[in-house]
Amino acid sequence: IGPFQYQDCNRAIDGYGYQGDYPPQEEDAASDATEGHDEDDEMYEGEYQGIPHPDEIKAAQRAARAAARAKARVEAEGLDEEETLAEQYENIIEDCGHGRFQWTLFVVTGLALMADGVECFVVGFALPSAEKDMCLSNANKGMLGLIVYVGMMVGAFVWGGLADKLGRRKSLITALAINSIFAFLSSFAQGYGFFLFFRLLSGFGIGGSVPVVYSYFAEFLSMDKRGEHLSWLCMFWMMGGIYASFTAWGIIPHYGWGFSMGSEFQFHSWRVFVLVCALPAIASLIGLMFMPESPRFLLENAKHDEAWMILKQVHDTNWRAKGEPERVFTVSQIKTAVQDDEFIEIQSATGTAFQRWMVRTMTLVKQVMQNIFALLSPDLRLSSLFMAIIWFTMAFSYYGLSVWFPDMIKYLQYEEYESKVKVFHRERVEHFTFNFTLANQVHKEGEYINDKFTNIELKSVKFEDSMFEDCYFEDIKSTNTFFENCTIKSTVFYNTDLWEEKFIDCKLENTTFLHPKKGCHINFQEENDIVIYLVSFLGSLAVLPGNIISALFMDKIGRINIIGGSMLISAGCTFFLFMSFSQAAIIAWQCLFCGVSVAAWNGIEVITVELYPSSKRATAFGVLNGLCKLAAILSSSIFSAFVGITKVVPILMSFSALVCGGLLALKLPETREKVLQ
């Protein structure tokens, strides 16, 4: 290759069909940044060695790829060789470079993804304290644990569909605003009903994070950067789990961090934790105010001028940050997509404001539903079916085991605690004052006559077939304490939390309850075992190696190999769970499973972006992510039911689902060399 001179970027490069029509700049219109530069005097330093300039190499590679795609299109479909919107857009994004703009958007959208990760942990960490604070029954606890996933499931469907019609940025801002507002309100809700409702709406808002974030960020990435940087973006979900675990560990056990306003309004430390968990969503929301809409979405909706301005902004931001402000954005004409939707313009004088709003809303709903049904069109039907199965099987195993791991640790702790229980038979105690804590005890057929129980805590204490006569209970705090088949005569309960439900099949004669304590006692030492926080923290942290490996090899070995290999290896890891006989073993197997399975998640999210056209990308992502949350609801309910009964069923169900999804993933088309359609 012979010597050549440096060519300024305002020249048209061969192979850029969209640059050939750009009018040449007049001398007076030259950029101030290039004033005084004579390109005949400025030469590329590799000229004398015959080394081609990097810009020339990229241009040649780009032209070769464009020619290959055009030839393939002509052979496959008989079309002419005119450059399509997808190819032109890919060339423009490559020309804009990858730099400051993409990294800024990476952080902003990553925080939204982090908020989604936090949302999955909030209720689980707050529930042990919230159930005492709001006196929740087991049924209410189960509903509260599932309601967030129900909201996220519905939100994924809704926001994914709206993002393809209203815009990625607008939909994401609205979704995060809803999440932030109702997460804030839920921290102050005193009643179970309001707390449940606010967490449902909070989940509905954050449900739009995953489908919109990936679609939005991917449309600013060139083909050679897409797989790697979308994988790096997945790390923010891991950071959400670490953030939730760390803040729960640091805030919830500190009872003094709360405050109260009378006896009716209590703001305990777990509510502070719920409030702090809204910060990533708020931070992302603020950042999005300074980011533009996706230019690819604008082109799909025939908004050429707005798209051109944004692409120019991306180009100038990146090259200015790289110290090359003289580079000029040379694109003059950009293709726009053919519009399939019917746009209804409503004159301001037509009908009432409500009627116009109803027409617009129903039109939007119709368009979203048409987009959803289009996922089952002949050219997308098979891919949609495969992706639905892969998403469902992966989520079923991952979320099911994510619930099973901490539940198994709690069960082992309970078994260990039960093994140390002290049993007292037929004890007779008279004229004695109990002023010390009673814990993990069972008293059978005892007699307590003229005794006092004052200013003590009863932890996991059970009285069976016992008699209390002329006794006095004062300032009692109880946890998991019951009286069963007891006879209680002439006894006074003053300022205690021992209510009627604590007395099972008991006979009460001349017994008085004075000034009973309102609400439920929160025992932060008992209810907030740091082991549970540690399990979630380590499980989230274990994802880091898998994230790094998948990001580095996503473009080298391909998406389908990453997904299939990760799911099949994860299936093999599930058999180690048969050896989970201790808390340490369960934590180790959880870290191994999370570290291996995260690569599959990264590959699934990347290939979902690349399989679908831009007009249906967020919709497809929303439908599949909603299906993922449905799998999470089913698996968490099923797996938790077998805790303490058998390990075989959860392990075999996880293994079968992962093998099925992994083998099916190997049948997907490889998309690493595919231009975003």
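Residues numbered from 1 in each chain as written. Predicted model: local features only at pLDDT ≥ 70, side-chain atom pairs only at ≥ 80, totals over all residues. Heavy atoms only, no water.

- Per an unreviewed UniProt entry, the protein is named Synaptic vesicle glycoprotein 2Ba, and its organism is Scleropages formosus.
- Check the Sequence similarities (unreviewed entry) section of the UniProt entry for the protein; it says "Belongs to the major facilitator superfamily."
- The UniProt entry for the protein carries the following text under Subcellular location (unreviewed entry): "Cytoplasmic vesicle, Secretory vesicle, Synaptic vesicle membrane". (UniProt positions renumbered as here; feature names shortened; annotations may be inferred.)

**Considerations on the sheet that holds strand β7 (residues 447-449)**
In a beta sheet, neighbouring strands are held together by backbone hydrogen bonds and run either parallel or antiparallel to one another.
Argument step 1. One open sheet holds the five strands; their spatial order is β4-β7-β9-β12-β15, and the pairing between them is parallel. Bordering the open sheet on either side are β4 (428-430) and β15 (507-509), each of which pairs with just one other strand. Adjacent strand axes in the sheet meet at a mean angle of 5 degrees, parallel and antiparallel pairs treated alike.
Argument step 2. With three bridges connecting them, strand β9 (residues 467-469) and strand β12 (residues 487-489) associate as parallel partners. Across the sheet, residue Phe468 finds its bridge partner in β12, namely Ile488. (Pairing = 2+ DSSP bridges. Helix = DSSP H or I, 4+ residues; strand = E, 2+ residues; numbered from the N terminus. Axes fitted to C-alpha atoms, helices over the stretch in contact; angles between N-to-C directions.)

**Overview of a nonpolar patch on the surface**
Argument step 1. A cluster of nonpolar side chains, namely Phe575, Phe576, Phe578, Met579, Phe581, Leu592, Val648 and Leu652, defines an oily patch on the protein surface of about 700 Å² accessible area.
Argument step 2. Mapping Met579 onto the fold places it in the loop between α19 (559-573) and α20 (583-611). (Patch = residues over 30% accessible without salt bridge, like charges linked within 9 Å, V, L, I, M, F, W, Y side chains within 5 Å. Areas by Shrake-Rupley, 256 points an atom, 1.4 Å probe, with all protein chains shown as cover. Salt bridge = Lys/Arg side-chain N within 4 Å of Asp/Glu carboxyl O.)

**Some details on the nonpolar core**
The tendency in soluble globular proteins is for nonpolar side chains to be buried side by side.
Argument step 1. Formed by 150 residues in total, the largest nonpolar core has its most connected members in Tyr214, Leu230, Leu233, Phe273 and Met387.
Argument step 2. The biggest single contributor to this core is helix α3 (residues 100-133), with 17 residues.
Argument step 3. Setting aside anything within four residues of it in sequence, one finds Met387 in contact with Ile604, Ile607, Thr608, Leu611, Tyr612, Leu624 and Leu668.
Argument step 4. Counting 19 residues, the second-largest nonpolar core is a separate cluster that includes Phe434, Phe468, Cys471 and Phe503. (Core = buried A, V, L, I, M, F, W, Y, C linked by side-chain atoms within 4.5 Å. Buried < 20%, exposed > 50% of the residue type's maximum accessible area, 1.4 Å probe, protein only. Contact = heavy atoms within 4.5 Å.)

**With respect to unusual backbone geometry**
Argument step 1. You will see that Asn485, though not glycine, has its phi angle at about 55 degrees, which is positive.
Argument step 2. Note that Asn485 resides in the loop between β11 (482-484) and β12.
Argument step 3. Positive phi is not limited to glycine here, since Asp505 has a value of about 55 degrees.
Argument step 4. In this structure, Asp505 sits in the loop between β14 (503-504) and β15.

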